[in-house]
Amino acid sequence: MYKVLFVCMGNICRSPTAHGVFEARVREAGLGDRVLVDSAGTHSYHVGAPPDARSQAHAAQRGYDLSTQRARQLTAGDFEDFDLILAMDWDNLALAEERCPPQHVHKLRRFAEFFQHHNSPVVPDPYQGGARGFEEVLDLVEDGCEGLMQHVRRSLAGAN
C-alpha cells in the first residue's frame with residue numbers, strides 16, 4: 001500500500017481538495033486497493049470540520065465529492081505511516097519539516113513539484129478570496145495529480 005498525505009494549514013480548503021481529486025484519480029486508475037489518500041492540517045483550527053463549503057461547491061462542479069472528509073491535524077504518526085507527504089506551500093512545508101523526525105524528512109515535498117503545466121511554486125490559499133481562488137486551486141490540483149499519479153505508478157512498479 002502506497003500512502004499519500006496532502007497538507008495545508010487548516011485542512012479545509014487546499015489539502016481536502018487535493019485529497020478528493022487524487023482519490024478520484026486513484027479510483028479511476030483501479031488502484032484503490034494499492035494507494036491510500038488522506039489529508040491533514042499543520043494547525044488545529046478546524047479539527048473535525050468538513051471542508052469549506054466553497055471548496056466543496058467548486059469541487060462538486062467538477063465531479064469531486066469532498067463531503068465525507070473531516071479536518072484533522074498532522075500527527076507525529078503521519079511521518080511514520082505515509083510514504084509521501086505533500087505540502088501545499090512553503091510555510092506548511094517548513095512547519096512539517098520542523099515536526100518531522102530526521103529519518104522521514106525525505107518523504108516531505110511540495111505538491112507543486114508535480115505540476116505538469118503550471119509554473120506556480122505553491123497552491124495558494126483561497127480562504128480569504130473569492131470564487132476565482134477556489135477554481136485556481138482546482139486547476140493546480142488537477143495538474144499536480146496528473147504528475148503525482150505518474151510518480152505513484154513508478155513507485156508501485158518499483159515495489160513489485
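This text goes with the structure placed above it.
Residues numbered from 1 in each chain as written. Predicted model: local features only at pLDDT ≥ 70, side-chain atom pairs only at ≥ 80, totals over all residues. Heavy atoms only, no water.

Trainee: What am I meant to see in the environment of V123 here?
Mentor: With respect to the helices and strands, V123 occurs in the loop between β4 (108-110) and α5 (131-159). The class of V123 is buried, set by a relative accessible area of 0%. Discounting chain neighbours no more than four positions away, the residues touching V123 are R14, M88, F111, F115, V137 and L140. (Helix = DSSP H or I, 4+ residues; strand = E, 2+ residues; numbered from the N terminus. Buried < 20%, exposed > 50% of the residue type's maximum accessible area, 1.4 Å probe, protein only. Contact = heavy atoms within 4.5 Å.)

Trainee: How do you make sense of the environment of K107 when you look at a structure like this?
Mentor: Among the secondary structure elements, K107 is positioned in the loop between α4 (90-99) and β4. Under the relative-accessibility criterion, K107 is labelled buried at 9%. Between the C-alpha atoms of K107 and S15, which are 92 residues apart in sequence, the distance is 17 Å. Once you skip the residues sitting within four places of it in the chain, K107 turns out to touch F79, E80, F82, D83, L84 and I85. A distance of 2.8 Å separates a polar side-chain atom of K107 from the backbone oxygen of F79. (Polar contact = N/O pair within 3.5 Å; in protein donor to acceptor, adjacent residues only side chain to side chain.)

Trainee: Sorry, what's going on with the pattern of salt bridges here?
Mentor: Pairing between side chains of opposite charge can happen when their charged atoms approach one another. A full pass over the atoms with the stated rule returns 10 salt bridges. The salt bridge involving R54 is made with D52; its shortest N-O contact spans 2.9 Å. Given a relative accessible area of 31%, R54 falls into the partly exposed group. We note a salt bridge from E113 to R109, for which the minimum N-O separation is 2.8 Å. Where salt bridges share partners, they join R62, R132, E135, D139 and E142 into one cluster. (Salt bridge = Lys/Arg side-chain N within 4 Å of Asp/Glu carboxyl O.)

Trainee: How do you make sense of the environment of E80 when you look at a structure like this?
Mentor: Here E80 is to be found in helix α3 (residues 76-81). When sequence neighbours within four positions are dropped, the list of residues in contact with E80 reads H104 and K107. At 3.1 Å, the side chain of E80 forms a polar contact with the side chain of H104.

Trainee: Can you walk me through the packing of aromatic side chains in this structure?
Mentor: To describe a pair of aromatic rings, one takes the distance between the centres and the angle between the planes. One pass over the full model with this rule turns up three aromatic pairs. Note on F6 and F22: the rings are 6.1 Å apart at their centroids and 75 degrees apart in plane angle, and the pair reads as edge-to-face. Here F6, found in strand β1 (residues 2-8), pairs with F22, found in helix α1 (residues 14-28); they are 16 residues apart in sequence, far enough to count as distant. Across the pair, F22 and F6 agree in class, each one buried. When the centroid spacing of 5.3 Å and the interplanar angle of 90 degrees are considered together, the rings of F6 and F111 count as edge-to-face. Separated by 105 residues along the polypeptide, F6 in strand β1 and F111 in the loop between β4 and α5 bring together distant segments of the chain. Note on accessibility: F6 and F111 belong to one class, buried. A cation sits over an aromatic face here: R54 above Y127, 5.3 Å from the ring centre. (Phe/Tyr/Trp six-rings, centres within 6.5 Å; stacked < 30°, edge-to-face > 60°. Lys NZ or Arg CZ within 6 Å of the ring centre and 35° of its normal.)

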